[in-house]
Amino acid sequence: MTTTTGDNTAAAGHAHTGELAGTAALVTGATSGIGRTTALALAALGARVVVSGRDATRGKQVVADIEEAGGTAYFVRADLRDEESARTLARTATALAGQVDILVNNAGLFPFGPTEGTTEESFDDVYATNVKVPYFLVAQLAPAMAERGTGAIVNVTTMVAEFGAAGMGLYGSSKAALRLLTKAWAAEYGPRGVRVNAVSPGPTRTEGTAAMGDALDALAKGGPAGRPAGPEEIAEAIVFLASPRASFVHGALVPVDGGRIAV
Ligand code: NAP
């Protein structure tokens, strides 16, 4: 694991006045797509953001973009696949940012394909990244939030954790586990001031879905919006749930899917 630390005008003494000023956030999968957009948005509101992912070049670019906009960010490279990698990232993020007040469990794998074509390795990878890692990040970070009596955790799930979609059973079931964990953690940590919620996106244009081409539009066609989202439309909901504006929101699974699961 490597880290880079950025300095900038905010860190240099011009205190940020945004609504998240004084807080620190860890966003997994922040080198790309929804996570990157969320990291930028949290930083714009004054949070110090730990940007994490596997690709150091893109990670450092996200930090540079945040700093250029006047924010504070750090990059921590982490290949998230097991308890150890999750706990190490959580400890490193805490050391860099002082504490972690906001955790966004965004990093995820979403391979699609027939059940009979799925290897055991792929099955294990999906469940490790999408379920095991968020589980142990929460295990490492939520107790300190609870100790301070404040914190917010936002899990990124998917609309296909809500209904049966051919070829998406592995992915959808892993996110269905994260949906239930969202409610379980709300019950476990909510009474001690930690709000745990989830955003359930529909098809969204990101680096990760670029290769899907027309299939992404086809998937989006079934909903009232009739189109895929931009990552900023998902980030809006994540930031809301992470912010004090959502102070009475616990254990919510917020669909941001163009209405797809409503109809
Ligand atoms: P993306 O563009 O493919 O980005 C995925 C991010 O996760 C990257 O930053 C990647 O890091 C990181 N990541 C993946 N595996 C990792 C691992 N083992 N260790 C550390 N980092 C890892 O994805 P996206 O489309 O923005 O999706 C983000 C989240 O939204 C995912 O949880 C996905 O399931 C969910 N979602 C997406 C859509 C959609 O249509 N896009 C819809 C519903 C839900 P590196 O690139 O640095 O390796």
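Presented here is an overview of the structure given in this document.

**Looking at the layout of surface pockets**
Step number 1: Roughly 930 Å³ of volume is contained in the largest pocket.
Step number 2: Around the largest pocket, the lining comprises 43 residues; the ones closest to its centre are Asn-106, Ala-107, Gly-108, Leu-109 and Phe-110.
Step number 3: Within the residue set of the lining of the largest pocket, elements represented by two or more residues are α1 (33-44), β3 (48-53), α4 (120-148), α5 (169-189) and α6 (214-221).
Step number 4: In terms of residue class, the lining of the largest pocket is built from 18 nonpolar, 17 polar and 8 charged.
Step number 5: Reported here for the second largest pocket is a volume of approximately 190 Å³.
Step number 6: Around the second largest pocket, the lining is made up of 15 residues, and of these Thr-150, Gly-151, Ala-152, Arg-195 and Ala-242 lie nearest the centre.
Step number 7: Looking at the lining of the second largest pocket residue by residue, the class counts come to 5 nonpolar, 7 polar and 3 charged.

**A word on the site of the ligand**
Step number 1: Near the ligand you find 32 residues, and of these Thr-31, Ser-32, Arg-54, Tyr-171 and Thr-206 are the closest.
Step number 2: Take Gly-208: an N or O atom from its main chain is 3.0 Å from an oxygen atom of the ligand.
Step number 3: Expressed as a share of its isolated accessible area of 900 Å², the protein-covered part of the ligand is 93%.
Step number 4: Mapping the ligand onto the cavity grids shows that it belongs to the largest pocket.
Step number 5: When contributions to the shell around the ligand are tallied by element, the ones reaching two or more residues are α1 and α5.
Step number 6: Residue composition of the shell around the ligand, by class: 11 nonpolar, 15 polar and 6 charged.

Definitions and cut-offs
- Every chain is numbered independently, its residues counted from 1 as its sequence is written.
- Where local features are concerned, this predicted model is filtered to residues with pLDDT of at least 70; where side-chain atom pairs are given and counted, the filter is 80 or more; whole-chain, interface and lining totals use all residues.
- Each side-chain value is derived from all of the structure's non-hydrogen atoms; neither hydrogens nor water enter the calculation.
- The definitions used throughout rest on a 1 Å grid laid over the protein atoms alone, on which a cavity is an enclosed set of points accommodating a 1.4 Å probe that cannot get out and a pocket is an open set flanked by protein within 12 Å on both sides along at least five of seven lines; lining residues are those having an atom within 4 Å of a point.
- Grid points are joined across faces, edges and corners, and a volume is the space filled by probe spheres set on the points.
- Helix and strand definitions follow DSSP, with helices as H or I runs of at least four residues and strands as E runs of at least two, each counted in order from the N terminus.
- Amino acids outside the nonpolar list (Ala, Val, Leu, Ile, Met, Phe, Trp, Tyr, Cys, Pro) and the charged list (Asp, Glu, Lys, Arg) are all regarded as polar, and Gly is one of them.
- We define proximity as follows: a residue is near a molecule or strand when any one of its heavy atoms falls within 4 Å of that partner.
- Polar contact is defined as a pair of N or O atoms within 3.5 Å, subject to the rule that within protein one atom must be able to donate a hydrogen and the other to accept it, and that residues adjacent in sequence are counted only when both atoms are side-chain atoms.
- Using a 1.4 Å probe, accessible areas were evaluated by the Shrake-Rupley method; residue-level cover was limited to the displayed protein chains.
- More than half of a molecule's atoms within 2 Å of the grid points is what it takes for that molecule to sit in a cavity or pocket.

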